[in-house]
Amino acid sequence: MKASGAHRLLPFKTFGEAVAFDLEVEVSCRCGRHVVIDGMAPAFRDRRIMGTRFRCTTILPHGVACAGLPSIYIRKRGRGCWTMADHSRAIRARQAVAPTDAKPGTFASIVKRYEVAFLYDQGCVPSYTIDMIEFDEPPWNRFLDKPWGRFICRDCGQTLDMHVSHGPDTPGTERFNEVA
């Protein structure tokens, strides 16, 4: 499957590739169980993330096994509890040291506004979400000079929904209570 100019393949496919970019993969079930997968474990290193099915093994309080279908969340390692403001501050700090030249309509324009993006795939089973993407960090920084486009799942081939969340100092962000 080949990406067109407006569509881009995700920059990783396997658990091992995700670890190489300092990403963690968390499997989460509706019963409340959350497990972070060790992407360098031999059982997972060369396995595709998208399309890998997981079964929850939690025994619920009434003695029956959970029948939930877990979801997958992918994000930078150690940032699971970061708020939107934490991400915006991190982008702002990196941009103060090494500013990104941003043309309108490129992924770099997201960075200049201190915004983060979320990618959602509902076509794969299980569904997955890539949380809090900071486009000025690997593996996403390879797209900085590219025009806005959609990302394509490397497993099912469908386009991913992308949502960009406003950072501080952009219109309509009065809900942020960030200390500069």
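These numbers were taken from a predicted model, which means no experiment stands behind them.

Some points on the environment of Thr 100
Okay, so step 1: As for its placement among the helices and strands, Thr 100 is situated in the loop between helix 2 (84-97) and helix 3 (108-112).
Okay, so step 2: Between the C-alpha atom of Thr 100 and that of Asp 145, which follows or precedes it by 45 residues, the distance is 9.5 Å.
Okay, so step 3: If we ignore the near neighbours within four places in the chain, the residues touching Thr 100 are Gln 95, Ala 108, Val 111, Lys 112 and Leu 144.

Some remarks on the pattern of salt bridges
Okay, so step 1: Taken as a whole and assessed by the stated rule, the structure comprises 14 salt bridges.
Okay, so step 2: Linking Asp 131 and Arg 75 is a salt bridge whose minimum nitrogen-to-oxygen distance equals 4.0 Å. In this pair, Asp 131 sits in strand 6 (residues 128-133) while Arg 75 sits in strand 4 (residues 71-76), placing the two residues 56 residues apart along the sequence. The exposure classification of Asp 131 matches that of Arg 75, with both residues buried.
Okay, so step 3: Note that Arg 150 and Asp 161 form a salt bridge whose closest N and O atoms lie 3.2 Å from each other. In this pair, Arg 150 is assigned in strand 7 (residues 150-152) and Asp 161 in strand 8 (residues 161-165), connecting sequence segments 11 residues apart.

A closer look at the confidence of the model for the protein chain
Okay, so step 1: Across the protein chain, pLDDT averages 86, with 89% of residues at or above 70.
Okay, so step 2: Mean pLDDT values over the elements of the protein chain span from 87, in strand 1 (residues 7-9), up to 96, in helix 1 (residues 15-20).
Okay, so step 3: Per-residue pLDDT stays below 50 along residues 172-180; that stretch engages in 15 contacts with residues further than four places along the chain or on separate chains.

Notes on the sheet that holds strand 5 (residues 116-121)
Sheet strands associate in pairs through backbone hydrogen bonding, adopting either a parallel or an antiparallel arrangement.
Okay, so step 1: Within the open sheet, the 6 strands sit side by side as 3-2-4-6-5-8. Their pairing is mixed. In this open sheet, the two edge strands, each paired with only one partner strand, are strand 3 (34-37) and strand 8. The sheet shows a mean angle of 20° between the axes of neighbouring strands, taken without regard to direction.
Okay, so step 2: One ladder, built from 5 bridges, connects strand 5 with strand 8; its direction is antiparallel.

Cut-offs used in this document
Residues numbered from 1 in each chain as written. Predicted model: local features only at pLDDT ≥ 70, side-chain atom pairs only at ≥ 80, totals over all residues. Heavy atoms only, no water. Helix = DSSP H or I, 4+ residues; strand = E, 2+ residues; numbered from the N terminus. Contact = heavy atoms within 4.5 Å. Salt bridge = Lys/Arg side-chain N within 4 Å of Asp/Glu carboxyl O. Buried < 20%, exposed > 50% of the residue type's maximum accessible area, 1.4 Å probe, protein only. pLDDT = per-residue confidence, 0-100. Pairing = 2+ DSSP bridges. Axes fitted to C-alpha atoms, helices over the stretch in contact; angles between N-to-C directions.

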